[in-house]
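Report on the structure
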Amino acid sequence: MAQLLDGKAVSKVLKEEIQQEVAQWKEKGVNPKLAVILVGDDPASVVYAKSKQKVSENLGIAFELFTMPGDTPEAEVLGLIERLNQDKNVHGIMIELPLPKHISKETVMKAVLPEKDVDGVHPINRGYILSGEEGLFPATPQSCIELMLRSGVEISGKHVVIVGRGETVGKPLVFLILKHNATVTICHSRTPDLGAFTRQADIVVAAVGKAKLVKKDMIKPGAIVVDAGINETEDGICGDVDFEAVKEVAGMISPVPGGVGSLTTALIMKNVLKGIKLQGVGK
Ligand code: NAP
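Keep in mind the model is a prediction, meaning the values are calculated, not measured.

The environment of the ligand is formed by 20 residues, the closest being T140, R165, T168, S189 and G209. At a separation of 2.5 Å, an oxygen atom of the ligand approaches a polar side-chain atom of S189. One of the backbone nitrogen or oxygen atoms of I230 is found 3.1 Å away from an oxygen atom of the ligand. When the ligand sits alone it has 930 Å² of accessible area, and the protein chains cover 70% of it. The residue makeup of the shell around the ligand, split by class, is eight nonpolar, ten polar and two charged.

The following block contains the structure:
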């Protein structure tokens, strides 16, 4: 039976570290602050924004939510971003997705100052992932890595098979994992015989968005299985891995919920603190 990669336990430790760092910044007279922009009233986005507010405030990070009606012109959203870019008291900026159709996601993402881009979506931060330089990187791929490292998994030298090459999880994860000296294989929807690849893996990371896609017979006995998927089904939320069956063969496995997703909000807050340093605050 696989050992659990316990996202809630790791998140608790991470949050304690963040609280300590926040206290240190406050002693230096810096009050870390995250600004979140919500355009329209997409119900899931409202829930995500409120959840960030709760975590942020629990960690001592100031939070401001800017809500704008769904028909707000793009120029007005860009105007707000520019104001927040200039505001020395704001250290992180996030725009909840999806945006209304008349607003270009790409334009909005490029408008955020890279040093305040806590979602890690600005092309400059995407470039830093490739070059290996310090930048702000997306929370979910970072969660996959933190969950493994903080659970004692050695990534270096391992063969990691990533299932999914999406912009938010799979693709950035490739370069973050490479930095940890793993050998990486990337699979996607055009990969014939997915199992032939995943069975070779010491570590499988699933980032697809298809409930229970990864089956027991696709996993090498003792392998580590990290599930970044979130799927809403009739039976509730589940991951991309057939957890109940795969846990019989894997060495370690992350549950959904309670795995990768438990760390993401904390890692956004960690990005706020990293942003403060990148902005040269307090120097
Ligand atoms: P995405 O952009 O839709 O990418 C999905 C990837 O899966 C694509 O590369 C796609 O291949 C591949 N794929 C689809 N069907 C496949 C199949 N049958 N076999 C192999 N690969 C297949 O998704 P994403 O935004 O990266 O998100 C991936 C998952 O992570 C989703 O479940 C999402 O909900 C979850 N997620 C979780 C968090 C969290 O906090 N835990 C945050 C963000 C996202 P092609 O490229 O060929 O189309």
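More follows now that the structure is in view.
Here we come to the layout of surface pockets. Approximately 1700 Å³ is the volume attributed to the largest pocket. Lining the largest pocket are 46 residues, with Y48, T140, T168, I230 and T264 sitting closest to its centre. Among the secondary structure elements, those contributing two or more residues to the lining of the largest pocket are α2 (43-58), β4 (92-95), α4 (105-111), α5 (123-131), α6 (139-149) and α10 (261-278). For the lining of the largest pocket, a count of residues per class yields 21 nonpolar, 13 polar and twelve charged. Both of domain 1 (28-113) and domain 2 (139-262) provide at least three residues apiece to the lining of the largest pocket.

You can read the domains of the chain as domain 1 (28-113) and domain 2 (139-262). The C-alpha centroid of domain 2 is placed 30 Å from the C-alpha centroid of domain 1.

Turning our attention to empty space enclosed by the protein. The full count for this structure, using the stated rule, is one cavity of 30 Å³ or more. Lining the largest cavity, in full, are I93, M94, I95, M109, V112, D117, D119 and V121. In terms of residues, the lining of the largest cavity owes the most to one element, β4, which gives three residues. By residue class, the composition of the lining of the largest cavity is six nonpolar, no polar and two charged.

Taken in spatial order, the three strands line up as β3-β2-β4 in an open sheet, and their pairing is parallel. Since the sheet does not close on itself, it has two edges, and those belong to β3 (62-68) and β4, each with one partner. Within the sheet, the average angular offset between the axes of one strand and its neighbour, ignoring direction, is 15°. As paired elements, strand β2 (residues 33-39) and β3 share seven bridges and run parallel to each other. Bridge assignment links L38 to a residue of β3, and that residue is T67. Packed on one face of the sheet, α2 meets β2, β3 and β4 and runs near 160° to β3.

Scoring rules and cut-offs
- Residues numbered from 1 in each chain as written.
- Predicted model: local features only at pLDDT ≥ 70, side-chain atom pairs only at ≥ 80, totals over all residues.
- Heavy atoms only, no water.
- Near = heavy atom within 4 Å.
- Polar contact = N/O pair within 3.5 Å; in protein donor to acceptor, adjacent residues only side chain to side chain.
- Areas by Shrake-Rupley, 256 points an atom, 1.4 Å probe, with all protein chains shown as cover.
- Nonpolar A, V, L, I, M, F, W, Y, C, P; charged D, E, K, R; others polar.
- 1 Å grid on protein atoms, 1.4 Å probe; cavity = no way out; pocket = protein on both sides within 12 Å on 5 of 7 lines; lining within 4 Å.
- Points joined across faces, edges and corners; volume = space filled by probe spheres on them.
- Helix = DSSP H or I, 4+ residues; strand = E, 2+ residues; numbered from the N terminus.
- Domains from an automatic or database assignment.
- Pairing = 2+ DSSP bridges.
- Axes fitted to C-alpha atoms, helices over the stretch in contact; angles between N-to-C directions.
- Contact = heavy atoms within 4.5 Å.

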